[in-house]
Amino acid sequence: MSSDLPVPRTAVALGITDPVERARAELKAALAAIEEKANVPKRVAKATDRTIATARSFARRNPTGATAAVVVAAALVGVAVWGIVRLYTR
C-alpha cells in the first residue's frame, strides 16, 4: 500500500531496505528537523504571518471589535511609555 503524498523533509520514507540508504535518509531527516527547530527567524516570520492573517480575518468579521482592540492597545502602549518616562525622570 503506497501513497502518492510527498514525504516531509523531517520524515524517513517507508520501504527503504538498504541499510546505508536508510541511514542516509535518517541523517538527512534529523538534520532537516534540527534546521527547522533552530531557524528562529523563519519560525518568527511564520508566527507573524499567522497572527496577521488572524487579525485581518477578525477585522473583516468584526470591524467594531477590531477598532476597539486597536484603541485599547494604543492606550496601553501610551500608559506604558508614560510610566517608563516617569520612572526615568525621577
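Below is a short write-up of the structure. If you're wondering where the values come from, they're calculated on a predicted model, not measured in any experiment.

Assigned secondary structure in the chain consists of three helices and zero strands. Taken from the N to the C terminus, the helices and strands of the chain come in the order α-α-α. For a compact globule of 90 residues, the expected C-alpha radius of gyration is about 12 Å, and the chain comes in at 24 Å, more than 25% above that figure. Taking the principal axes of the C-alpha coordinates as reference, the chain spans close to 70 × 40 × 10 Å. Looking at the chain residue by residue over its 90 residues, the buried ones come to 3%. For the chain, the accessible area works out to roughly 7,900 Å², and carbon and sulfur atoms hold 67% of it. Averaging the locations of the 14 positively and 7 negatively charged side chains of the chain gives two centres separated by 19 Å.

Right, let's talk about the environment of Lys 46 for a bit. Relative to the helices and strands, Lys 46 is located in helix 2 (residues 40-61). In this structure the C-alpha to C-alpha distance between Lys 46 and Gly 78, which are 32 residues apart in sequence, comes to 28 Å.

The next point concerns the pattern of salt bridges. Scanning the model with the defined rule gives three salt bridges in all. A salt bridge links Arg 24 to Glu 21; the nearest nitrogen and oxygen atoms lie 3.2 Å apart. Within this pair, Arg 24 and its partner Glu 21 are both found in helix 1 (residues 19-38), separated by three residues, close to a single helical turn. Its relative accessible area of 53% is what places Arg 24 among the exposed residues.

Between helix 2 and helix 3 (residues 63-89), whose axes approach to 5 Å, the crossing angle comes to 125°. Judged by the angle between their axes, helix 2 and helix 3 are oblique. The residues of helix 3 that touch helix 2, namely those facing Phe 58, Ala 59, Arg 60 and Arg 61, are Pro 63, Gly 65 and Ala 66. Residues that form the contact of helix 2 with helix 3 fall into these classes: four nonpolar, one polar and two charged.

Calculation criteria
Residues numbered from 1 in each chain as written. Predicted model: local features only at pLDDT ≥ 70, side-chain atom pairs only at ≥ 80, totals over all residues. Heavy atoms only, no water. Helix = DSSP H or I, 4+ residues; strand = E, 2+ residues; numbered from the N terminus. Rg over C-alpha atoms; globule rule 2.2 N^0.38 Å. Buried < 20%, exposed > 50% of the residue type's maximum accessible area, 1.4 Å probe, protein only. Areas by Shrake-Rupley, 256 points an atom, 1.4 Å probe, with all protein chains shown as cover. Lys, Arg positive; Asp, Glu negative; His and termini not counted. Charge placed at Lys NZ, Arg CZ, Asp CG, Glu CD. Salt bridge = Lys/Arg side-chain N within 4 Å of Asp/Glu carboxyl O. Axes fitted to C-alpha atoms, helices over the stretch in contact; angles between N-to-C directions. Parallel < 35°, antiparallel > 145°, perpendicular 65-115°, else oblique. Contact = heavy atoms within 4.5 Å. Nonpolar A, V, L, I, M, F, W, Y, C, P; charged D, E, K, R; others polar.

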